[in-house]
Amino acid sequence: MSSEKPYEHDPMTSVFSPVRDAWLAFRHSSNAAMILDLDSPTWTVLEINDAFQEATLQNREHLIGKGLFEIFQENDETSRDYGYIEIAHALEAATAGQRMVLPLQRYDIPDPETAGAFVERYWQLTSSPVWNAAGEVVALLHEAQDVTVRERSMAEQSRHSAAADEQNRRLAAQAEELQRASRELQERKKEAETQRERAENILETMADAQYVLDSEFRFVSLNTAMARAVNLSREQLIGQSLWKLFPGIGDTERYYREAAAGTAAHFVHEYSDGRLTISAEVDVYPSTGGGVAVFWRDITARVDAEARLRESETQLRTMVDALPTLAWTARADGYIDWYNEQWYIYTGSRREDMEGWGWQSVHDPARLSAVMAEWTRCIDSGAKFEMTFPLLGGDGKFRPFLTRVAPLHNADGAVVRWFGTNTNIEHEHAARRLAEEANESKTTFLATMSHELRTPLNAIGGYLDLLLMELRGPLNDMQRTDLERIRRSHQRLSGLINDVLHFAKIDSGHTAFEITSVDIGAAIRQVEEVVSLQCTAKDLACDFELPQSRILVSADGDRLGQILLNLLTNAVKYTPPGGSIVTTCDTINGDAVVRIADTGDGIAEAQLQTIFDPFVQVGRRLNAPGEGVGLGLSISRALAEGMNGSLSVESQVGKGSVFTLTLPLAQSSR
Ligand code: ADP
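Residues numbered from 1 in each chain as written. Predicted model: local features only at pLDDT ≥ 70, side-chain atom pairs only at ≥ 80, totals over all residues. Heavy atoms only, no water.

Things to note about the side chain of Asp556
And step 1. Residue placement: Asp556 occurs in the loop between strand 20 (552-555) and helix 18 (557-573).
And step 2. Excluding its chain neighbours within four sequence positions, the residues that come into contact with Asp556 are Ala512, Phe513, Glu514, Ile515 and Met643. (Helix = DSSP H or I, 4+ residues; strand = E, 2+ residues; numbered from the N terminus. Contact = heavy atoms within 4.5 Å.)

What follows is the structure, encoded as structure tokens:
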């Protein structure tokens, strides 16, 4: 590639004469080289060598005499990497006598094949001073060594090393993965080991006996519970045949064989060694190598408990069967699942007819819906059931039964069962009817008697009046006094007879009430007039605290007056002189409430309720006339209740009593 043609301009004669070899070296250097003038910043090209021509693909003639930077052509790719400043700097340094190397500069050369295209090239540039004999820098030697191949191979290398890195990374990752896998495997092994240990521990600590047999049904392993259960040591068991050691369980062999063949078996077995009997629940599972794993639970206690329970249940049922009462049990939903013997005896029914809801067939159809409604309400709410209704006997007769059903709750309070009894109250009914009849005849007797007594008494009264009016002639003082006494007794007697008659009438339900709207305040004030006089006479403070507005009650005016008079008269009667009586009237919850409070003797707790019974008087003195017969309060309460009201008392001995009369407010007052 070197040109043999001699250089036309031979600077050697003027500049390089002493170093002919240097010149030759310049010309034949494989590095592109040029000699530059010192005329910064143009750096005129004085000479180039063949390698430069080859490298730049330009003719020597085109280059000589041009400025260095003129001969470098612009290229889009390299304009940024042109390196002008570095090159100028290196040339300046060389001008100053210093050799300078720029190790890597990119300068692409025009592509000889395609016009306008460039070929990528990398260069190492060296700028060196050229000295004359006098030691002065006279020119610059600018060499460009093509390092494209090196650069490429380095890039390639770095690409390769990146690939190698990648490869290494992959290998490292694989190694790590392998390590991790092996660690995991180790851990799994450990885990399996601990699981096995744990399983063994569990088996060991289990109360249930556990053992493993090989295909010949010889003991391979067993837990302590097993050794304890059969009272033999591990050494005595391992390797021994199950059948030989425990011939008593021979009848369960088929389960073991089934399990050995692959089908797990479960059975309950009673084992007896002559001394004691053990009930066991046994699970046999197939094990490795044709053997079996066995779990063996001692359920003797449970079996015994169940037997005892059955026994006590039988006892209980026998007892309940013996009861004269009909009895039964039902599930929480009301389904009757058991009746005692007596039920079947009375109803003449059969078990299969009665089960569940069959009992309806022995009820009175007219009452059944009410019974069902109440029973359903109790099942839904869990409330106790109590009702009286007739039940049909096997003899075709209905008899009254008092039925009580109590719920049995579990720990959470939910109903689990119902216990029912039906008690025949036919006799009680009959007795009550008899008592009612007796009471009725008593009342009739009283009514008749008082009526019969009243007739002659009226006659006595009439004749007394005749005598006192002196229509039968004049009376002397003594006669008059006597007649007055007779008259007071007569009045008291007719009062008592009136009370008895009155009571008899109320008791027999013969009292008619004439209910209207009554001003209760006005009624109290009417009685007040009578009572005030009695209070003054007995030195009692008498207070009436009545509301300003009218309170209308729904009542019979005369009966109301009678009650008030009775209560207030009692208060006066049973309060010693110096005491006080306070009467108030209020409305509470749609009722008028009258309270009569006194500071009298009071009534002992035991007597509080009985004073409302007829003919009851506390500390009754038979020889104390003029104190009534103990009918006032019973008549008053009967009257109050007859008007849909009530009469009650609160009292403390020595402190006083409060009688409370309640009557419904009239519709207009509500
Ligand atoms: P009696 O005709 O005896 O008054 P009552 O039926 O009116 O009959 O009263 C029954 C009994 O109640 C009385 O005998 C008396 O012992 C007791 N009693 C009634 N009211 C009072 C009262 N305000 N204070 C104390 N005891 C009373």
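Following the structure, the description resumes.
Focus on the sheet that holds strand 23 (residues 646-652)
And step 1. Reading across from one edge, 19-21-22-24-23 is the order of the five strands in this open sheet, with mixed pairing throughout. Lying at the two open borders of the sheet, with one neighbouring strand each, are strand 19 (541-545) and strand 23. Taken pair by pair, the neighbouring strands of this sheet meet at an average axis angle of 15°, ignoring direction.
And step 2. Sheet topology places strand 19 next to strand 21 (residues 580-588); five bridges connect them, and they run parallel. (Pairing = 2+ DSSP bridges. Axes fitted to C-alpha atoms, helices over the stretch in contact; angles between N-to-C directions.)

Let's talk about the layout of surface pockets
And step 1. Roughly 370 Å³ of internal volume is contained in the second largest pocket.
And step 2. Considering the residues around the second largest pocket, the lining is formed by 20 residues, among which Ala229, Val230, Phe246, Tyr271 and Ile278 are closest to the centre.
And step 3. Breaking the lining of the second largest pocket down by element, the ones donating at least two residues are helix 7 (224-230), strand 10 (265-272) and strand 11 (277-286).
And step 4. Residues belonging to the lining of the second largest pocket are distributed by class as follows: 15 nonpolar, three polar and two charged. (1 Å grid on protein atoms, 1.4 Å probe; cavity = no way out; pocket = protein on both sides within 12 Å on 5 of 7 lines; lining within 4 Å. Points joined across faces, edges and corners; volume = space filled by probe spheres on them. Nonpolar A, V, L, I, M, F, W, Y, C, P; charged D, E, K, R; others polar.)

Comments concerning unusual backbone geometry
And step 1. Here the amide bond leading from Ser40 into Pro41 is cis, since omega sits at 0°, within 30 degrees of zero.
And step 2. Within the secondary structure, Pro41 is located in the loop between strand 1 (32-36) and strand 2 (45-48).
And step 3. Within the chain, Asn644 stands out as a residue other than glycine whose phi angle is a positive 65°.
And step 4. Positionally, Asn644 belongs in the loop between helix 19 (632-642) and strand 23.
And step 5. On the accessibility criterion, Asn644 (66% relative accessible area) is exposed. (Buried < 20%, exposed > 50% of the residue type's maximum accessible area, 1.4 Å probe, protein only.)

A few points about the packing of aromatic side chains
In this description, an aromatic ring pair is defined by two values, namely the gap between the centres and the angle between the planes.
And step 1. The final tally for this structure, using the stated rule, is 16 aromatic pairs.
And step 2. Arranged with centres 5.6 Å apart and planes meeting at 55°, the rings of Phe217 and Trp243 form a pair that is tilted. In this pair, Phe217 sits in the loop between strand 8 (209-213) and strand 9 (219-222) while Trp243 sits in helix 9 (residues 242-245), placing the two residues 26 residues apart along the sequence. Take Phe217 and Trp243: they sit in the same class, and that class is buried.
And step 3. Taking 6.4 Å as the distance between ring centres and 65° as the angle between the ring planes, the aromatic pair formed by Tyr256 and Phe267 counts as edge-to-face. Linking Tyr256 in helix 10 (residues 253-260) with Phe267 in strand 10, this pair joins segments that are eleven residues apart in sequence. Each of the two residues, Tyr256 as well as Phe267, counts as buried.
And step 4. Each residue in the set Phe217, Trp243, Tyr255, Tyr256 and Phe267 is aromatic and connected to the rest through ring pairs, giving one cluster.
And step 5. Across from the ring centre of Tyr335, 4.1 Å away, lies the NZ or CZ of Arg331, which sits over that ring. (Phe/Tyr/Trp six-rings, centres within 6.5 Å; stacked < 30°, edge-to-face > 60°. Lys NZ or Arg CZ within 6 Å of the ring centre and 35° of its normal.)

Looking at the environment of Asp39
And step 1. Tracing the backbone through its elements, the reader meets Asp39 in the loop between strand 1 and strand 2.
And step 2. Between the alpha carbons of Asp39 and Gly67 there is a distance of 9.3 Å; along the sequence they are 28 residues apart.
And step 3. Looking at Asp39, its side chain comes within polar contact range of the side chain of Thr44, at 2.6 Å. (Polar contact = N/O pair within 3.5 Å; in protein donor to acceptor, adjacent residues only side chain to side chain.)

A look at the pairing of strand 21
And step 1. Of the pairings in the sheet, the one linking strand 21 to strand 22 (residues 591-598) comprises eight bridges and is antiparallel in character. Bridged to Thr584 within strand 22 is Arg595.
And step 2. Counting the residues in the hairpin turn of strand 21 and strand 22 gives two residues, including Asn589, whose phi is positive at 50°.

Description of the nonpolar core
And step 1. The biggest cluster of nonpolar side chains holds 47 residues, and the ones touching the most others in it are Ile520, Val553, Leu560 and Leu661.
And step 2. Looking at which element gives the most residues to this core, the answer is helix 18, with seven residues.
And step 3. Those residues in contact with Leu560, other than ones at most four positions away along the chain, are Val518, Ile520, Ala523, Val553, Met643, Leu661 and Leu663. (Core = buried A, V, L, I, M, F, W, Y, C linked by side-chain atoms within 4.5 Å.)

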